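So the chains spell out like this:
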Amino acid sequence: MNDSFSLYTLLALLGCLLTGILFAWLLYRKTEHLAKRLRYGLFVIRTTVVSAIAALLFLPLIRSVSYNLEKPVIIIGQDNSLSVGTIEPNGFKKDQYERDMKNLANKLSEKYEVKIYNFSDSIKSGYDFKNNGQVSNASMFINQLNDELLNRNVGAIILSSDGIFNRGGVHFMT
């Protein structure tokens, strides 16, 4: 919604016009020695010039605000390193985990903009449950998110990992 011509703009234009009229009236109110047509002509020219100068000076000061409603961004980061695929705790079911992660993304996408990444020694979009990466580098992942989503409405970052980071540290988004 972009309303560059708002009530405030209209009021400012009216104020500039009234300023021009007041200035011209003060200047030409006691000039009976001039012909009537000349006096009215000068009055109109002075009003126009003063109003234009006032508008050029003051209209840039009026702030135009526009609102663009955007859904919050939810980021899901999945660790795709070898350690996640080789170390499985008791009771962990990999196929259930994959279904749950996909269901989570689907459910969240109803209300939010969901971005899914997998990270290891490189960062790629989408899920990848092959666990081929050599190292876990969550720091590189967070740094890329800082670059990509600067000035965006990031609601949450969901990080799915085993917690073993071989390279970099964990940094929070700024």
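Residue positions are counted from 1 within each chain, in the order its sequence is given. With the structure being a predicted model, the display of local features is reserved for residues of pLDDT at least 70 and the display and counting of side-chain atom pairs for 80 or more, all residues being used for whole-chain, interface and lining totals. Hydrogens are left out, water is left out, and the side-chain values use all remaining heavy atoms of the structure.

J.: Before we move on, can you summarise the nonpolar core with the specific residues and values?
T.: Throughout this description, the term nonpolar core refers to a set of buried Ala, Val, Leu, Ile, Met, Phe, Trp, Tyr and Cys residues connected via side-chain atoms within 4.5 Å. Only protein chains enter the accessibility calculation, which uses a 1.4 Å probe; a residue is then buried when its area is under 20% of its type maximum, exposed when over 50%, and partly exposed in between. The biggest cluster of nonpolar side chains holds ten residues, and these are Val73, Ile75, Tyr117, Phe119, Ile123, Ala138, Phe141, Ile142, Leu145 and Leu149. Secondary structure is summarised from DSSP: a helix means a run of H or I of at least four residues, a strand means a run of E of at least two, and numbering begins at the N terminus for each. Residue assignment for this core shows that the elements contributing at least two residues are β1 (73–79), β2 (113–119) and α5 (138–148). Top contributing element to this core by residue count: α5, with four residues. Not counting chain neighbours up to four residues away, the residues in contact with Tyr117 comprise Ile75, Ile76, Gly77, Gln78, Ile123, Lys124, Ser125, Gly126, Phe141, Leu145 and Glu148. Core analysis: the next-biggest nonpolar cluster, separate from the first, contains seven residues, Ile74, Tyr97, Met101 and Ala105 among them. Two residues qualify as a contact provided that any one of their heavy atoms is within 4.5 Å of a heavy atom in the partner residue.

J.: Provide a residue-level description of empty space enclosed by the protein, including the pertinent values.
T.: Only protein atoms enter the 1 Å grid used here, on which a cavity is any set of points holding a 1.4 Å probe that cannot leave and a pocket is any open set flanked by protein within 12 Å on both sides along at least five of seven lines; residues with an atom within 4 Å of a point are listed as lining. Grid points are joined across faces, edges and corners, and a volume is the space filled by probe spheres set on the points. One pass over the full model with this rule turns up one cavity of 30 Å³ or more. For the largest cavity, the calculated volume is near 80 Å³. Of all elements in the fold, only β1, α3 (82–86) and α4 (94–108) reach the threshold of two or more residues within the lining of the largest cavity. The residue inventory of the lining of the largest cavity, partitioned by class, reads four nonpolar, three polar and three charged. Residues are sorted three ways: Asp, Glu, Lys and Arg are charged, Ala, Val, Leu, Ile, Met, Phe, Trp, Tyr, Cys and Pro are nonpolar, and all the rest, Gly among them, are polar.

J.: Report on the pattern of salt bridges, specifying residues and quantitative values.
T.: Think of a salt bridge as a Lys or Arg side-chain nitrogen and an Asp or Glu carboxyl oxygen that are within 4 Å of each other. In this structure the tally under the stated criterion is four salt bridges. In this structure, the salt-bridge partner of Arg152 is Glu113, at a minimum N-O distance of 2.7 Å. Separated by 39 residues along the polypeptide, Arg152 in the loop between α5 and β4 (154–160) and Glu113 in strand β2 bring together distant segments of the chain. Taking relative accessible area as the criterion, Glu113 reaches 27% and is therefore assigned partly exposed.

J.: Any chance you could break down the layout of surface pockets for me, citing the residues and the numbers?
T.: Considering only enclosed or pocket space, the largest pocket measures out at about 190 Å³ in volume. Taken together, Ser83, Val84, Ile87, Glu88, Pro89, Phe92, Tyr97, Ser160, Ser161, Asp162 and Ile164 make up the lining of the largest pocket. Of the residues contributing to the lining of the largest pocket, the split by class is six nonpolar, three polar and two charged.

J.: Describe the side chain of Ser120, with residues and values.
T.: Tracing the backbone through its elements, the reader meets Ser120 in the loop between β2 and β3 (123–125). Note on Ser120: relative accessible area 3%, which makes it buried. Identification of polar contacts relies on pairs of N or O atoms within 3.5 Å, with a donor-acceptor requirement for protein atoms, meaning one able to donate a hydrogen and the other able to accept it, and with residues adjacent in sequence counted only if both atoms are side-chain atoms. A polar side-chain atom of Ser120 sits 3.0 Å from a polar atom in the side chain of Asp121. Once residues within four sequence positions are removed from consideration, Ser120 is found in contact with Asn80, Ser81, Gly133, Val135, Ser136, Asn137 and Met140.

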